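Next come the chains, spelled out residue by residue.
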There are 2 protein chains.
Amino acid sequence: MSNISQSLDELCINTIRFLSADGVQKANSGHPGLPMGAAAMAYKLWMGFLRHNPRNPTWPNRDRFVLSAGHGSMLLYSLLHLTGYDLPLEELMQFRQWGSKTPGHPERHLTPGVETTTGPLGQGISNAIGMAIAEAHLAVYFNRPGYNIVDHYTYVIASDGDLMEGVASEAASLAGHLRLGKLIALYDDNNISIEGTTQLAFTEDRVMRFEAYGWHTQVVPDGNNLDMVDAAIRSAQGESRPSFIACRTTIGYGAPHKQGTAEAHGEPLGPDELANAKRNLGWPLDPPFFIPGEALENFRSAVEVGALYESQWQKQFGEYAREYPDLAAEFQRRMSGKLPEGWDADLPTFPPDPKGQATRVSSGVVQNAIAKKVPELIGGSADLAPSTRTLIKDGGDLQAGNYGGRNMHFGVREHGMSAIVNGMALHGGVIPYGATFLIFSDYSRPAIRLASIMENRVLFIFTHDSIGLGEDGPTHQPIEHLSALRAIPGLAVVRPADANEVIEAWRLALAREHAPTVFALTRQNVPTLDRANGKFAPASGARRGGYVLADTGKTPDVILMSSGSEVAIAVEAGERLKAKGITARVVSMPCMEVFAEQPQDYRDSVLPPKVQPRVAIEAGAPMSWYRWVGDGGAVIGLERFGASAPYKTIYEKLGLTAEAVVKKAEEVIGGNKRK
Amino acid sequence: MSNISQSLDELCINTIRFLSADGVQKANSGHPGLPMGAAAMAYKLWMGFLRHNPRNPTWPNRDRFVLSAGHGSMLLYSLLHLTGYDLPLEELMQFRQWGSKTPGHPERHLTPGVETTTGPLGQGISNAIGMAIAEAHLAVYFNRPGYNIVDHYTYVIASDGDLMEGVASEAASLAGHLRLGKLIALYDDNNISIEGTTQLAFTEDRVMRFEAYGWHTQVVPDGNNLDMVDAAIRSAQGESRPSFIACRTTIGYGAPHKQGTAEAHGEPLGPDELANAKRNLGWPLDPPFFIPGEALENFRSAVEVGALYESQWQKQFGEYAREYPDLAAEFQRRMSGKLPEGWDADLPTFPPDPKGQATRVSSGVVQNAIAKKVPELIGGSADLAPSTRTLIKDGGDLQAGNYGGRNMHFGVREHGMSAIVNGMALHGGVIPYGATFLIFSDYSRPAIRLASIMENRVLFIFTHDSIGLGEDGPTHQPIEHLSALRAIPGLAVVRPADANEVIEAWRLALAREHAPTVFALTRQNVPTLDRANGKFAPASGARRGGYVLADTGKTPDVILMSSGSEVAIAVEAGERLKAKGITARVVSMPCMEVFAEQPQDYRDSVLPPKVQPRVAIEAGAPMSWYRWVGDGGAVIGLERFGASAPYKTIYEKLGLTAEAVVKKAEEVIGGNKRK
């Protein structure tokens, strides 16, 4: 027993506060203010409400907890350690050090119990909204009378910064629209951001704003008052709308000189102020990382209680499995992330067709074929479904009161959409997709990047992928986007050349169980290549990222390479070169990232090092192609913005033509001979 | 006189409707719905309120009008043509055609009277907020008793999509905070978006939301009722807060089968429905692009009235110039975009210092030196000013009631910030900057891209530009961002290697009168190179984007090239190679885009084609370097996300070291010999 005279609750809350402050102090880096200010509300939430099992962080029906304000990571690490997750105290002492499980911001995959990677503000609360959507959807699909297999809350702690970010506004508006009653957000209303008080830039009425979104709102005037926090969460649980609870707190609570100021936000308190804070709150100055026995005992009750929660659920699930064996097996399969057997057995193939079709159209066909066999495929578009062709036929709309629908309507909210599909993937049980025009991938980039960091299987279906969209003009024509997306580690950008490569694109994307995939699809028609007669190689080559599409059997004079809609131009150029007695190999490169992962000998077989004359053509910034064309080659791309006109005119005027490829090919052949 | 029996107002409104619908029909592409639905409110605004001079679209004190819903471009083109701008009817007939002045979405620079390039939703209204900020700021600076030289409104028409986008939420919240009383937004509340009715995804209470932001709000139950619109705008003009006027309208008004439906939104009505609409509203079926004489006469009164507005202002300005000649000259200079003479005469230089300083710190010093001479430099940070070092000393805070301040507090709203600085630049009279961490450039990309399309001189000051930020970890460490930004046409990304290159970065950025510049600056210290003793070349070389920093006089065995904080690593590697008897040239490449613009002979002098062994090192995705290292070279970069740890550890663990450069240099030298 410690000889500190404070209530058990106080003891526990101060334990969180000082574990956090000590962690930051030892690292000499980090954010003590949020953990110290929000410790009480977090304690109440975790010990009074959160249904989780610290010894099994993957229990499917656990409540989800998201620390949207990821900079307060020590709050989460403290809670995880104290409640018995596999996160030893030594890890807390290694906060922000190489190889530790306690990085500066929480990272899923790295730390047991961390549900999502947060830090970039606004993302966590949006992820949480996605989790709540997945929960509501799966509940409809799997629950049966007497069996609430899927039935949990999603809780968030969000900060001023989270609320200021537009992505949170987008997602919160949709959450209100969808009436996600099991989503409960605690807003750490501490009046402080990095530059000073929120009076500097954030004087809007936050509660009214969330009310306008359709949320249930409450104000807790003292976030350190456990009864108030308790009553608010209880009331929120009974609501059929998402809940927003503004808890007035004091950043850096307890630090006598820094509390309530920006100084407490993002740097260690310093040894003196830390000591002052400990004195102030009746805490022993030494040792650091001190955990009173009673506090630990109290926190660790979560292990037993959690085991009980899960065992009750397991018992229920066992009965459910007897009564609904297929559903139970399906639930387990879906939560495991494994695709159903034979999911890609009956995909369509597309007959040769010189007129062809837009790859967005073929993609819609393939998606629908897959959707029949893969019920976990759900998603939607940011108000562009008629154009992105991403509706699942007979899938129904996912709406308030109809959460079983598979077609989501995200509104004109690309960023919110992408953060929400991340949350859905994190929840598990669904493979989500989000669709918009490629140009608007820019609106979503922070979430796309996080999908990659978190190794989420989400599909970003981006259509209208070049100047080929035509009349909408430069504000809608992506130029730099393919290169910019290819630069993101871990992400695959797939830009299929024709309908049959589209099939392979889908195959590739779904098989990437732990990584996101971007589809880049055309608005305009592209020919469906005739792959049966030996003229063009089978589309299965696309599985290796890049492959020889057309060849002559001889060592080529030049290699033409391309992706997507420009492959047809390369093919035509190859034919024109042949007529001139020049042998050209045509390489289709739908996915550079996958090609780069192939063994060197495969890559050399596609792009023989000896064949230096190479021309790449793509209706976008050339940047990502230099690696593949090398010194002897050239890239025909775009280093300017597009233009508003019918698309064939734009291709012509901007020099993306077979003629230009032929000319450039002759140049590079000549140039290499002169070397 | 036409023999159509309708009031002059109706005639004028229907003229707008059918010019727009005919334009879309002729192009067989575009958005007729918004112009037909919003024609009445736009007519009232333009003919009843807008103070502009069609014959001088650059009159500095004109009211600004922003069509945030840029897809309704034909509305704007119709108004511009009708009120007498230099936009002939033939141009309207060439809607969405190559070379016309009527592209799919309005483009500033291309079409007289278009204040900003819109289309990507949410941007226009945010630009307008920036314009209103610039107006308020300049008014304080320039106005004197009796002389309101700067005194105009900024009007916006915004759509459902604009309101759904997070960027608009961010900017609108700040607008409310700043109490921008001369900003008036008309919300085209038509209940329809592309996928169907707003019931699908957008059921929040928009009016309450804007009230929560601190705006004055009104509802016009019938947007076709000119008296109602008139009264609302009048009331808005008298308000000291920004005004939000929700005007209930019918998309595609007049088209009997399509009005009020998503079908009217984004495609031509079709010849039959267009004819039906004309019949329905008592309009002659032929000719298309019909403009009744009375309507034209009425609209064209704007020419005379506009000339009067401007001449009154010019008269006032003349008197002002006599009383305040210096101020008047300064006003003209600032509105012209020309920098003051000698603005860069007294920039500091930094003495050699092996310990050095972070380039964000040097940048703060240089910025403040420039700010003294360039009063139009104003801006701020997205709640990171203490870290980005972008405060202007003694500049004061720009806040409600203190619009003369030069330091803006954007809150945690990177996207809103970037769209707002675009609007400020478009207004003219200021050179705005926005600052945050490089990682959060992702949040701003759509606005950064638009800065480049619009050729805006804005400065994006991005610090913490690599894994060098250390403990905050992978969510905060940019990897792909340098390449991704370099891929944007027209944008310059400057990543200075030391304090003296920072000076050149600022010089380069301000001199780019018609283009935006990104600064990439370190959190961590970098040595200030000793450029006086001949060991290192003068930093002025940075003006050419890339230059030989250190050389041996002999043909080098290998070229080491780098940018920013990794230049010091390249320098150290060069020295280690020298000790091994290998001559290395070190090239500093702070700005690839500017280097790429240099004449070939200069580029060849820096990177002699004969010297194939090359090693580039940058703490980021290698993509953008392949072009410069060529087949014989190699890139040491990062193709993974970073990690949370002290930065020196991360550099070491991820192999960004002089030792690794030496090893790679020896490899490429060997590899090239074997060729």
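Residues numbered from 1 in each chain as written. Chains lettered and ligands numbered in written order. Predicted model: local features only at pLDDT ≥ 70, side-chain atom pairs only at ≥ 80, totals over all residues. Heavy atoms only, no water.

What about the relation of the copies chain A and chain B?
By a simple turn and slide, chain A fits onto chain B: the slide is 0.0 Å along the axis, the RMSD is 0.0 Å, and the turn is 180 degrees. With respect to symmetry, the two chain copies, as superposed, fit the operation of a two-fold axis. Rotation axis and chain A: the residue whose C-alpha lies nearest the axis is Gly166 of chain A, separated from it by 1.8 Å. The fraction of interface residues of chain A whose copies in chain B are also interface residues reaches 100%, indicating that both copies meet through the same surface. (Least-squares fit on C-alpha atoms with pLDDT ≥ 70 in both. Contact = heavy atoms within 4.5 Å.)

Describing the environment of Asp557 of chain A
Residues and elements named next belong to chain A. Structurally, Asp557 can be placed in the loop between β16 (547-550) and β17 (558-562). The spacing of Asp557 and Pro608 is 51 residues in sequence and 11 Å in space, taken between C-alpha atoms. The residues contacting Asp557, other than those within four sequence positions of it, are Gly581, Ile582, Thr583, Val611, Pro613 and Ile669. (Helix = DSSP H or I, 4+ residues; strand = E, 2+ residues; numbered from the N terminus.)

Some details on the sheet that holds strand β18 (residues 584-588) of chain A
Residues and elements named next belong to chain A. Spatially, 5 strands are ordered β16-β18-β17-β19-β20 in an open sheet, and the strand pairing comes out mixed. The open sheet terminates on both sides in strands that have one partner only, identified here as β16 and β20 (634-636). Between one strand axis and the next, the sheet turns by 30 degrees as a mean value, whatever way the strands run. As judged from the 3 bridges shared by strand β19 (residues 614-617) and β20, these two strands associate in the parallel manner. Looking at β20, one finds that Ala616 is bridged to Val635. Of the strands in this sheet, β17, β19 and β20 are in contact with helix α24 (residues 658-674), which crosses β19 at around 150 degrees. (Pairing = 2+ DSSP bridges. Axes fitted to C-alpha atoms, helices over the stretch in contact; angles between N-to-C directions.)

What about helix α15 (residues 414-427) of chain B?
With 14 residues, α15 of chain B extends 20 Å from end C-alpha to end C-alpha; this agrees with the ideal 20 Å at 1.5 Å per step. With respect to burial, α15 of chain B is a largely interior element, 14 of its 14 residues being buried. (Expected span 1.5 Å × (residues − 1). Buried < 20%, exposed > 50% of the residue type's maximum accessible area, 1.4 Å probe, protein only.)

Some words on the side chain of Asp472 of chain B
Of note, Asp472 of chain B is situated in the loop between β12 (459-463) and α17 (481-486). You can call Asp472 of chain B buried: its relative accessible area is 16%. Here the side chain of Asp472 of chain B touches Arg96 of chain A through a polar contact of 2.8 Å, side chain to side chain. Apart from residues no more than four positions distant in its own chain, Asp472 of chain B is found in contact with His31, Arg96, Gly104 and His105 of chain A. (Polar contact = N/O pair within 3.5 Å; in protein donor to acceptor, adjacent residues only side chain to side chain.)

Considering the pattern of salt bridges
The full count for this structure, using the stated rule, is 66 salt bridges over all chains. Here Arg96 of chain A and Asp472 of chain B are joined by a salt bridge, their closest N and O atoms 2.8 Å apart. Here Arg96 of chain A is found in the loop between α4 (89-93) and α5 (123-142), whereas its partner Asp472 of chain B is found in the loop between β12 and α17 on a different chain. Exposure remark for Arg96 of chain A: the relative accessible area of 1% places this residue in the buried category. The residue Arg585 of chain B makes a salt bridge to Asp551 of chain B at a minimum N-O spacing of 2.8 Å. Within this pair, whereas Arg585 of chain B is found in strand β18 (residues 584-588), its partner Asp551 of chain B is found in the loop between β16 (547-550) and β17 (558-562), the two being separated by 34 residues in sequence. (Salt bridge = Lys/Arg side-chain N within 4 Å of Asp/Glu carboxyl O.)

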